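Each chain, letter by letter, is given below.
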Amino acid sequence: MASRVRPSPINTMNTHIIPVRFEYFAPKTLNEAVDLLSRFRGRAKVLAGGTDLVVQMKVGRVRPEYVVSIRWLRELDFIDTREDGLHIGALTKLRRIEKSDVIRRGFIALYEAAKAMGGVQVRCMGTVGGNLCNASPAADTAPPLMVYEARVKAVSTRGEREIPITKFFKGPGKSALEPDEILTEVMIPYQPANTGSAFLKVARTSMDLAKVNVAAAINVREGVVRWARIALGAVAPTPIRALKAEAYLAGKELGEDVIARAAEIAASETRPITDVRSTAWYRREVSKVLVKDALRIAYGRAVRG
Ligand SMILES: Cc1cc2nc3c(=O)[nH]c(=O)nc-3n(C[C@H](O)[C@H](O)[C@H](O)COP(=O)(O)OP(=O)(O)OC[C@H]3O[C@@H](n4cnc5c(N)ncnc54)[C@H](O)[C@@H]3O)c2cc1C
């Protein structure tokens, strides 16, 4: 049975912690959790680490009638190497990703992204699933997962389905998940030999969301780029792949002129806005710099093996 806690009436005389009334559920199994989401379809929010959701509830931007905490579902907290690739449970903390040797050795851009997120306290609470489901255009785990062509698994009472990460983000705060679905895991295929990758981020402070973040992955044979993947965040309504720049790079030797041209093309694929964190102009200019640097680092790693 899910435990059900009725909150006491909101204290209107004192500082509001969370100024919305909601019912809290702490299901013990995934089945219970999806049953609750199905029952409260559209009126419930999933709570993982709470580092995004609770902030949004405090400022009243999100006002769920029901909160379904999945934090006790230990079955969603894992990093497993399987035949078809690396599987990461949605409830895996960013700190665990940062500390994983398997991820640092095999998927270094994801390690670099996790390490660059918030402070240690946030990384000890925040989860990879929460970062993706929050669907911020600046989500730091999105660009590495996009260049690794990861897939995510979503589960509901109707069954389960896989979604390529490149199709997961639909707009600021909007993902491909239905309101009754829980994201349960991220699956990353092993990258072929002679592949290098990198993640870079520019932010106002080390604790902040990105002004721009970039991941690149390159596969090289005899000095020639077989394929390159570039993903950028905070420069469009969703994280994006720079597909034209990727197509330009395929089959080329990666000299400085080629890197510069690819960065120009990638920047032309962005649609940045001006907001509290940055101007559109700055974001586009920094995109070029980060793409150049990420390509150089990823190439170096691909060649050194
Ligand atoms: C001080 C501070 C600094 C931060 N810095 C960064 C940063 O540098 N980079 C960055 O990208 N983010 C940053 N964040 C944002 C946040 O910490 C991350 O996005 C984190 O990964 C969110 O995970 P969570 O488990 O806390 O998500 P929650 O807050 O629990 O959930 C976030 C959203 O996803 C939904 N959700 C969560 N898990 C699931 C699931 N499994 N299935 C379906 N829906 C789900 C929730 O309903 C909610 O809408 C920062 C936040 C703070 C407070």
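Residues numbered from 1 in each chain as written. Predicted model: local features only at pLDDT ≥ 70, side-chain atom pairs only at ≥ 80, totals over all residues.

**Student:** Explain the overall build of the protein chain to me, using residue names and the numbers behind them.
**Tutor:** Check the secondary structure of the protein chain and you find eleven helices and 15 strands. Taking 2.2 N^0.38 as the reference for a compact globule, 305 residues should give roughly 19 Å; the C-alpha atoms of the protein chain span a radius of gyration of 20 Å, in line with that estimate. For the protein chain, the C-alpha atoms occupy an extent of roughly 65 × 45 × 30 Å along the three principal directions. Contacts in the protein chain between residues at least 24 apart in sequence constitute 63% of all its contacts with a sequence separation of at least 6. (Helix = DSSP H or I, 4+ residues; strand = E, 2+ residues; numbered from the N terminus. Rg over C-alpha atoms; globule rule 2.2 N^0.38 Å. Contact = placed C-beta atoms within 7 Å.)

**Student:** Tell me about the site of the ligand, and name the residues and values.
**Tutor:** Residues in contact with the ligand amount to 32 residues; listed here are only the nearest, G49, G118, G126, G130 and N131. Those elements that provide at least two residues to the shell around the ligand are strand 3 (44-47), helix 2 (53-58), helix 6 (120-125), helix 7 (128-133) and strand 11 (182-188). Considering each element in turn, the shell around the ligand owes the most residues, four residues, to helix 7. Of the residues belonging to the shell around the ligand, the class tally is 19 nonpolar, ten polar and three charged. (Near = placed C-beta within 6 Å. Nonpolar A, V, L, I, M, F, W, Y, C, P; charged D, E, K, R; others polar.)

**Student:** Go over the nonpolar core with me, naming the residues and quoting the values.
**Tutor:** In terms of nonpolar packing, the biggest core is built from 90 residues, with A216, I230 and A294 touching the most fellow members. Tallying contributions element by element places helix 11 (residues 280-304) first for this core, with nine residues. Each residue touching A216, except ones within four places of it in the same chain, is listed here: V147, S197, A198, A228, R229, I230, V291, A294, L295 and A298. (Core = buried A, V, L, I, M, F, W, Y, C linked by C-beta atoms within 7 Å. Buried ≥ 20, exposed ≤ 12 C-beta atoms within 10 Å, placed from the backbone.)

**Student:** Pulling in residues and values, what's your account of helix 5 (residues 108-115)?
**Tutor:** Because an α-helix completes one turn every 3.6 residues, residues spaced three or four positions apart along the sequence face the same direction. Burial analysis of helix 5 places six of its eight residues in the buried class, which makes it a mostly covered element. What helix 5 keeps buried is the set A109, L110, Y111, E112, A113 and A114. Buried positions along helix 5 lie against helix 3 (94-99), helix 4 (101-106), helix 6, helix 8 (142-147), strand 12 (195-203) and strand 13 (210-221).

**Student:** Any chance you could break down the sheet that holds strand 6 (residues 85-89) for me, citing the residues and the numbers?
**Tutor:** Taken in spatial order, the five strands make up an open sheet running 5-6-11-7-8, and their pairing is antiparallel. Each edge of the open sheet is held by one strand with a lone partner, namely strand 5 (79-82) and strand 8 (159-164). Each strand axis lies, on average, 25° off the axis of its neighbour in the sheet, ignoring direction. Note that strand 7 (residues 151-156) and strand 8 share six bridges and pair antiparallel. Within the sheet, the bridge partner assigned to A154 lies in strand 8 and is R161. (Pairing = 2+ DSSP bridges. Axes fitted to C-alpha atoms, helices over the stretch in contact; angles between N-to-C directions.)

**Student:** Just give me the short version of the domain arrangement of the protein chain, but keep the residues and values in it.
**Tutor:** Looking at the protein chain, the domain boundaries give domain 1 (3-69), domain 2 (75-188) and domain 3 (195-304). Averaged C-alpha coordinates put domain 2 and domain 3 at centres separated by 20 Å. Contact with domain 2, which involves 23 residues of that partner, is made by 23 residues of domain 3. Those elements giving two or more residues to the side of domain 2 that touches domain 3 turn out to be helix 5, helix 8 and strand 9 (169-171). Grouping the amino acids of the side of domain 2 that touches domain 3 by side-chain chemistry returns 15 nonpolar, five polar and three charged. (Domains from an automatic or database assignment.)

**Student:** Lay out the environment of A139 with the relevant residues and their values.
**Tutor:** Along the chain, A139 turns up in the loop between helix 7 and helix 8. Sequence separation between A139 and G85 is 54 residues; the distance between their C-alpha atoms is 23 Å.

**Student:** Tell me about the sheet that holds strand 12, residues and numbers included.
**Tutor:** The strands that make up a sheet pair up through hydrogen bonds in the backbone, lying either parallel or antiparallel. What the four strands build is an open sheet, ordered 12-13-14-15; its pairing is antiparallel. The open sheet terminates on both sides in strands that have one partner only, identified here as strand 12 and strand 15 (240-241). One ladder, built from nine bridges, connects strand 13 with strand 14 (residues 224-233); its direction is antiparallel. Each residue of the ladder has a partner; that of A217, found in strand 14, is R229. Its contacts with the sheet place helix 5 against strand 12 and strand 13, and it is angled at close to 20° to strand 12.

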